[in-house]
Every structure is written in structure tokens, then in C-alpha cells.
Amino acid sequence: EGMALPQRSIFPLEKICMEWQQRRRPGAGLFNLGNTCYINVILQCLTYTPPLANYLLSREHSQACQQQGFCMMCLMEAHVTKVLCSSASAILPGAVLRDLKFIGEEFEYGKQDNAYDFLRCSLSAMHRACLSGHCDLDVSSQETTIVRQIFGGFMKSRVTCLSCQAVVDSYMAFLDVSLDIRVRASSLTTLLEDCVTPKQLDQQEGFRCGKCKKKAAASRTVTVHHAPRVLTLCLERADQWTGTKISKFVEYPEYLDLRPYMSDTAGEPLLCSLYAIVVHSGDTCLEGHFLCYTKASNGLWYRMDDEFVDSCDIPTVLGQQAYLLFYAR
């Protein structure tokens, strides 16, 4: 609806398996070589993303890859296989550190950076690797890589003219959702409710109605039109004005129903299960330390702090000052 269908699919939906195909103990921790904790937490969260790990462990990509030089999918395939299959308690993510500049030009070895930025650049690099060899694809077909099929969704923006009630819909692809936690809301569900609540635009914001042909006040409603298989949420903890960190506890559930935030709220519940979180400690988001909590294929939770991997329980996971949240449908 309102979006062109892809002419062909790069990765068929039916091949995506949301459940772990192999159950095993948690994999290895990752050594910190100096300010590399922001890299380690994202690598671990991606490693314990079931549909992505299933695909990478199958080695399907590397067997068909013809890309010369750097390939983020081949890199992640080798990394995930090494982490989950190694008998060592910790390993060195050496290949990732070696190719850091190819993942994102802003990253420098030895310089602390933001885990959220590294996640976005990693997913983009994986997406580009999946597009390699697929020339002249239409825009919709480019959204059918395994990366977009797992992490990608579509938002719907509906602007309603308050003068004549005319409606204009537009759609935008997304890989993650950022939530402003400066508002008084202290729970994830309240933040999401605020996101889908209609916001009034005043005439100074430049909306000109195509039906009544005049500059008029309008309201905008943004909803999830197509939900991703893995929903990634960023609780924005960096104050854009002062640069300081917003140290605020935001309650988040183990199971989240996306249906109330969809364009179609009348359908069946769309349940997602929490499987990973990233936590930051420190005064600013560019300093301090990152660690993560992930749910392994054995169904148990683990605290992963660089090379240290320790078991924990769900109350501990839900009691953190979370920065990034990962939910799988």
C-alpha cells in the first residue's frame, strides 16, 4: 500500500529461521584491546541474533561470494562461527579491528566511539555486501537483502489537513528506532505510545494542502507500517544540547506487543521477545564503558563484559539502565 513491490527478492523470506537451529553453550568473550568495548557489545548482540546467526553459520554467503577485498558478510560469518564454535573462553576480534575503516570511516583503532554508531555502520556494511553482484535493482528490491529482511521495517507518516481533512501518506524504511527519553515517560511502552500519538503542525512548518491549496495547520501521525523481524530500539542518552549523558531508568518488558503502534491496530498481537541489551556506564556516551546482556541459544541469559561471560537471570537484565534494546518477533 503506497509502496512499489520489489521486482525480485535477493533473499527469500521463507529461508529466514527465527528460532535457533542449533542449541549450544554461550560462545567466547571478546578481548578489549583498548577502547574497543563499543565494538565488542555490538558484535555480541549480532552474534546472538538467531536469524542472522543461523544464516551466517550455514556459510551460504561465503560459498557464493565473489566480492574482491573487504566483505562485511564474510567477515561476520567468520567471526560468528569463531565465537560460537570456539572452545576458548575469549577470542580476539582481530579481523574486525583490522578492517575498521571499511566498516565506518569515522572509526579509529584505540579511540572510544559510540556503540549505536557502530551498529548502524555494521548493518549498512552488511547490506552493501549483500547487494554486491546485484546490479540495476529497483529501490524496493534493494530492501530484500537478508539484513533488511531481518532488521528492516517501514514507518508510515500520515499528515491530515485540519482545514479540509485531506490525508497525505508517505513511507520510510528504517533499521532501528530512536526514542527521546527526556520526556517524563519512565517506560518503553509509554515512549512508544507517545511516538504514535498525533502531533499538531503549525502553519509555520510549511505544510501546504494539495486539496484545499492553502497553507494550513495539520497533524502528523507516525506508525509502524511493516514491523521488522528484529526490532532495534535506541534510548537516546546523549543530551543534544549539553552533551552529557541522561542517566535515567526506563522500564522495558521482556515481551513487547507491537500491535498498538502499528498502522493497523486491529490485527492479532505482534509479540516480540527481548534477546539482547547494551548498557553504558560513564558521564558521556563517548566515554566510559559498554557491556551487554544476551540470551544464548540454550535459552539462558549472560552478562558479557569484554572477555568475561557470566550467567545471570532475567530480573537482572530488566533492571539495567539500557541504551540499546533488541527484540525478536
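Residues numbered from 1 in each chain as written. Predicted model: local features only at pLDDT ≥ 70, side-chain atom pairs only at ≥ 80, totals over all residues. Heavy atoms only, no water.

Tell me about the overall build of the protein, and name the residues and values.
If you tally the helices and strands in the protein, you get 11 helices and 14 strands. The C-alpha radius of gyration of the protein comes to 21 Å, within 12% of the 20 Å expected for a compact globule of 329 residues. Dimensions of the protein, computed from the C-alpha atoms along their principal axes, are close to 65 × 45 × 40 Å. For the protein, the residues scored as buried account for 50% of the 329 residues in total. Considering only intrachain contacts with a sequence separation of at least 6, the fraction spanning at least 24 residues in the protein is 69%. For the protein, the accessible area works out to roughly 15600 Å², and carbon and sulfur atoms hold 50% of it. Between the centroid of the 32 positive side chains of the protein and the centroid of its 35 negative side chains there is a distance of 5 Å. (Helix = DSSP H or I, 4+ residues; strand = E, 2+ residues; numbered from the N terminus. Rg over C-alpha atoms; globule rule 2.2 N^0.38 Å. Buried < 20%, exposed > 50% of the residue type's maximum accessible area, 1.4 Å probe, protein only. Contact = heavy atoms within 4.5 Å. Areas by Shrake-Rupley, 256 points an atom, 1.4 Å probe, with all protein chains shown as cover. Lys, Arg positive; Asp, Glu negative; His and termini not counted. Charge placed at Lys NZ, Arg CZ, Asp CG, Glu CD.)

Break down the pairing of strand 13 (residues 308-312) for me, with residues and values.
Successive residues of a regular strand alternate their side chains across the two faces of the sheet. In this sheet, strand 13 lies alongside strand 12 (residues 301-305) in antiparallel orientation, the contact comprising five bridges. Residue methionine 304 lies in a different strand from strand 13, and its bridge partner there is valine 309. Taken together, strand 12 and the strand that follows it, strand 13, pair antiparallel across an intervening segment of two residues, in which aspartate 306 is found at a positive phi of about 55°. (Pairing = 2+ DSSP bridges.)

Talk me through the nonpolar core; I want residue IDs and the actual numbers.
Of all hydrophobic cores here, the largest spans 62 residues; its most connected members are Ile42, Met73, Phe118, Phe151, Val278 and Leu324. Contacts of methionine 73, omitting those with residues within four sequence positions, involve Tyr55, Leu56, His61, Met126, Ala129, Cys130, Ile146 and Val147. By size, the runner-up hydrophobic cluster in this structure holds 33 residues, among which are Ile246, Leu270, Cys272 and Ile277. (Core = buried A, V, L, I, M, F, W, Y, C linked by side-chain atoms within 4.5 Å.)

Tell me about the side chain of lysine 245, and please be specific about residues and values.
Locating lysine 245 in the fold gives a position in the loop between strand 8 (230-236) and strand 9 (255-257). Its relative accessible area of 11% is what places lysine 245 among the buried residues. At 3.4 Å, the side chain of lysine 245 and the side chain of glutamine 321 are in polar contact. (Polar contact = N/O pair within 3.5 Å; in protein donor to acceptor, adjacent residues only side chain to side chain.)

Outline the pattern of salt bridges, listing residues and values.
Evaluated as defined, the whole model comprises nine salt bridges. For aspartate 113, the salt bridge identified is with lysine 111, shortest N-O distance 3.4 Å. When its relative accessible area of 7% is taken as the criterion, aspartate 113 is described as buried. The class of lysine 111 is partly exposed, set by a relative accessible area of 38%. One network of salt bridges, in which partners are shared, links Lys156, Arg158 and Asp169. (Salt bridge = Lys/Arg side-chain N within 4 Å of Asp/Glu carboxyl O.)

Can you tell me about the packing of aromatic side chains, naming the residues and giving the values?
Here the structure, examined in full by the defined rule, presents seven aromatic pairs. Plain terms: the ring middles of phenylalanine 11 and tyrosine 55 are 5.1 Å apart, the flat faces sit at 85° to each other, and that makes the pair edge-to-face. Residue phenylalanine 11 is found in the segment before strand 1 (29-30), and its partner tyrosine 55 is found in helix 2 (residues 50-57); the two are separated by 44 residues along the sequence. For tyrosine 55, a relative accessible area of 11% puts it in the buried group. For the ring pair phenylalanine 70 and phenylalanine 102, a centre distance of 5.2 Å and an interplane angle of 20° mean the geometry is stacked. With phenylalanine 70 in the loop between helix 3 (60-64) and helix 4 (72-85) and phenylalanine 102 in helix 6 (residues 100-103), the pair connects residues that are 32 residues apart, well separated along the chain. Note on phenylalanine 102: relative accessible area 52%, which makes it exposed. Every member of this aromatic cluster is reached through a ring pair, and the members are Tyr38, Phe107 and Phe118. (Phe/Tyr/Trp six-rings, centres within 6.5 Å; stacked < 30°, edge-to-face > 60°.)

Give a description of the sheet that holds strand 6 (residues 199-201) that names residues and reports values.
One open sheet holds the four strands; their spatial order is 4-3-7-6, and the pairing between them is antiparallel. Where the open sheet ends on each side, the last strands, each with one partner, are strand 4 (167-174) and strand 6. Direction aside, the axes of adjacent strands within the sheet are offset by 30° on average. Pairing between strand 6 and strand 7 (residues 218-226): three bridges, direction antiparallel. Its bridge partner being in strand 7, leucine 201 is matched across the sheet by alanine 218. (Axes fitted to C-alpha atoms, helices over the stretch in contact; angles between N-to-C directions.)

Go over helix 2, please, and point to the residues and values.
Helical geometry: 3.6 residues make up each α-helical turn, so side chains three or four residues apart lie on a common side. By the criterion of burial, helix 2 is predominantly enclosed, with seven of the eight residues buried. For helix 2, the set of buried residues is Pro50, Pro51, Leu52, Ala53, Asn54, Tyr55 and Leu56.

Lay out the environment of proline 93 with the relevant residues and their values.
Relative to the helices and strands, proline 93 resides in the loop between strand 2 (90-91) and helix 5 (94-98). Overall, the relative accessible area of 3% leaves proline 93 in the buried class. Residues proline 93 and arginine 182 lie 89 residues apart in sequence; the distance between their C-alpha atoms is 35 Å.

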